[in-house]
Amino acid sequence: MIEEKQVRQILQTVKHPKTQKSFLDLGLIRDITVAGDTVSLTLALKSESSPLRKGLEKQIDSSLRALPDVSHVRIQVAELSREEWEKIFPPPVYQGISQVKQIVAVASGKGGVGKTTVAVNIALALAGQGLRVGLMDADIYGPSIPIMLDLTGTPEPGPEGMILPLEKYGLKIMSLGMSSQQGEAFIWRGPLVAKMIGHLLGNVRWGELDYLVIDLPPGTGDPSITIAQAIPRCRILMVTTPQKLALADVQRAIDLFRKYNLTIIGLVENMAYFVSEPGAVPLNIFGQGGGKQLSREYDLPLLGAIPLDLTIRNCEDRGLPLMVAEPESAVGAIFQSIAAMIRKAPRAPDYA
């Protein structure tokens, strides 16, 4: 007669490939029953399509069938919720951001909407309001923050093997573009993307910050997912333009972040209109009302509408952002207002 004790002893040998802990001890093998010559159990995985599934089922089946009197092994696979998975495998706590109170990631569903412009000027607006602010360029495919801020230095090594971010305009700044030749192409695949994002979060000594603003790459690829998984309390600021194509892509990005239970602070509509000269009628080059429409559909506040302004482009070409060159301008006031609303938005629990 089969004893459950024997079954459990065999199942102790089934270990998770990364942690080398028993699936049984982790609570991922559960609901074990023995009836006659049949052993039944549930194997809990992150996803029913997990790459571990076939190998584990085969290992469990062959191991249990090696016991006398076991003729049948029935394995039911259950999919864990995100909360259950994180309870068993908590996301990493990165040393570099251990003293950062709030993290805001600026995201968009597509390129060309001015996401980096918004990230840089929002960071500068927060710093201008007396806060300690860092700016992290997580757009590893095309890091443009060093060009936008005219940064030419290389980060220096600091204590405990950490890297010290560069400082300019009152910001602590780190970008992959600081350690590459200008114009050099970046070719990254999934595992390397996650590794590099982890490096920027964990091995950079950000120190005590009120806000770390992260410029995400466009889309819903590995960098965005890595940030979502690594910093579950990170808040998201979505950037769009009024045109329908941008709205559709932003909708997909919103769905991704909500899937990972991240708080979306609100929307910023960039290139909302164009004024050729003071007093002229605004021209809606990229359409009209897209930000308001998205705000209503997703019940998200529209924090501001930024015009298509030649001053912004001219400033960036000189490596002098608008919030440094003309912080008191009409567009500067919009960035200041967005920064103020970010500060008033519901806060994530402090990291520090």
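Small disclaimer: the values here were computed from a predicted structure and weren't measured. (Residues numbered from 1 in each chain as written. Predicted model: local features only at pLDDT ≥ 70, side-chain atom pairs only at ≥ 80, totals over all residues. Heavy atoms only, no water.)

*Asks:* Where do I start with the sheet that holds strand S3 (residues 72–79) in this structure?
*Replies:* Picture the strands of a sheet paired through backbone hydrogen bonds; they go either parallel or antiparallel. Spatially, the 3 strands line up as an open sheet ordered S1-S2-S3, and their pairing is mixed. Of all the strands in the sheet, the pair left with one neighbour each is strand S1 (29–35) and S3. Here the strands of the sheet are splayed against their neighbours by 15 degrees on average, with no regard to which way each runs. Lying over the sheet, helix H2 (residues 53–65) contacts S1, strand S2 (38–45) and S3, oriented at roughly 150 degrees with respect to S3. (Pairing = 2+ DSSP bridges. Helix = DSSP H or I, 4+ residues; strand = E, 2+ residues; numbered from the N terminus. Axes fitted to C-alpha atoms, helices over the stretch in contact; angles between N-to-C directions. Contact = heavy atoms within 4.5 Å.)

*Asks:* Honestly, the pairing of strand S12 (residues 263–269) in this entry has me stumped. Any pointers?
*Replies:* The side chains of a regular strand alternate, residue by residue, between the two faces of the sheet. Counting buried residues in S12 gives 6 out of 7 residues, a clear majority hidden from the surface. Summarising the sheet, strand S11 (residues 235–240) and S12 pair through 6 bridges and their orientation is parallel. Bridging across to S12, Val-239 finds its partner in Val-268. As paired elements, S12 and strand S13 (residues 302–305) share 3 bridges and run parallel to each other. Across the sheet, the residue bridging to Val-268 is Gly-304, located in S13. (Buried < 20%, exposed > 50% of the residue type's maximum accessible area, 1.4 Å probe, protein only.)

*Asks:* Is there a simple way to explain the UniProt feature "binding site: ATP" (unreviewed entry) in the protein in this structure?
*Replies:* Within this structure's numbering, the places UniProt gives as "binding site: ATP" (unreviewed entry) are Gly-109, Lys-110, Gly-111, Gly-112, Val-113, Gly-114, Lys-115 and Thr-116. Along the polypeptide, Val-113 turns up in the loop between strand S4 (100–107) and helix H4 (115–128). Mapped onto the elements of the fold, Lys-115 is located in helix H4. For Lys-115, a relative accessible area of 6% corresponds to the buried category. Leaving out residues up to four positions away in the same chain, Lys-115 has contacts with Val-106, Ala-107, Ser-108, Asp-139, Asp-215, Leu-216, Pro-217, Pro-218 and Val-239. (UniProt positions renumbered as here; feature names shortened; annotations may be inferred.)

*Asks:* Please clarify how helix H10 (residues 310–317) should be interpreted in this entry.
*Replies:* Every buried residue belonging to H10 is among Ile-312, Cys-315 and Glu-316, and all of these are buried. Angular distribution of buried residues about the axis of H10 spans 95 degrees; they occupy a single face of the element. Those residues of H10 that are exposed and angled more than 90 degrees off the buried face are Leu-310 and Asp-317. Structurally, H10 contributes buried residues whose contacts are with H4, helix H5 (145–148), helix H11 (322–325) and helix H12 (330–344). Capping the start of H10 is the job of one residue whose side-chain oxygen sits 2.7 Å from the backbone nitrogen of Thr-311: Asp-309. Gly-319 sits one or two positions beyond H10 and adopts a positive phi of about 70 degrees. (Arc of directions from axis to C-beta. Polar contact = N/O pair within 3.5 Å; in protein donor to acceptor, adjacent residues only side chain to side chain.)

*Asks:* Is there a simple way to explain the packing of aromatic side chains in this structure?
*Replies:* Within a pair of aromatic rings, the relevant descriptors are the distance that separates the centres and the angle that separates the planes. Summed over all chains, the structure comprises 1 aromatic pair. Aromatic side chains Trp-85 and Phe-89 sit 4.5 Å apart centroid to centroid with 40 degrees between the ring planes, which places their arrangement in the tilted category. With relative accessibility at 16%, the residue Phe-89 sits in the buried group. (Phe/Tyr/Trp six-rings, centres within 6.5 Å; stacked < 30°, edge-to-face > 60°.)

*Asks:* Quick question: what am I supposed to make of the pattern of salt bridges here?
*Replies:* Opposite charge on two side chains permits pairing when their charged atoms draw close. According to the stated counting rule, one finds 7 salt bridges in the structure shown. The closest approach of N and O atoms between Glu-57 and Arg-53, which form a salt bridge, is 3.2 Å. Taken as a pair, Glu-57 and Arg-53 lie in helix H2 at a separation of 4 residues, close to a single helical turn. Its relative accessible area of 26% is what places Arg-53 among the partly exposed residues. Linking Glu-208 and Arg-132 is a salt bridge whose minimum nitrogen-to-oxygen distance equals 3.1 Å. Taken together, the positions of Glu-208 in the loop between helix H6 (190–202) and strand S10 (209–215) and Arg-132 in the loop between H4 and strand S5 (133–137) put the pair 76 residues apart, joining distant regions of the chain. Overall, the relative accessible area of 48% leaves Glu-208 in the partly exposed class. Of the residues examined, Arg-132 reaches a relative accessible area of 34% and is grouped as partly exposed. Through salt bridges with shared partners, one network takes in Arg-132, Glu-208 and Asp-210. (Salt bridge = Lys/Arg side-chain N within 4 Å of Asp/Glu carboxyl O.)

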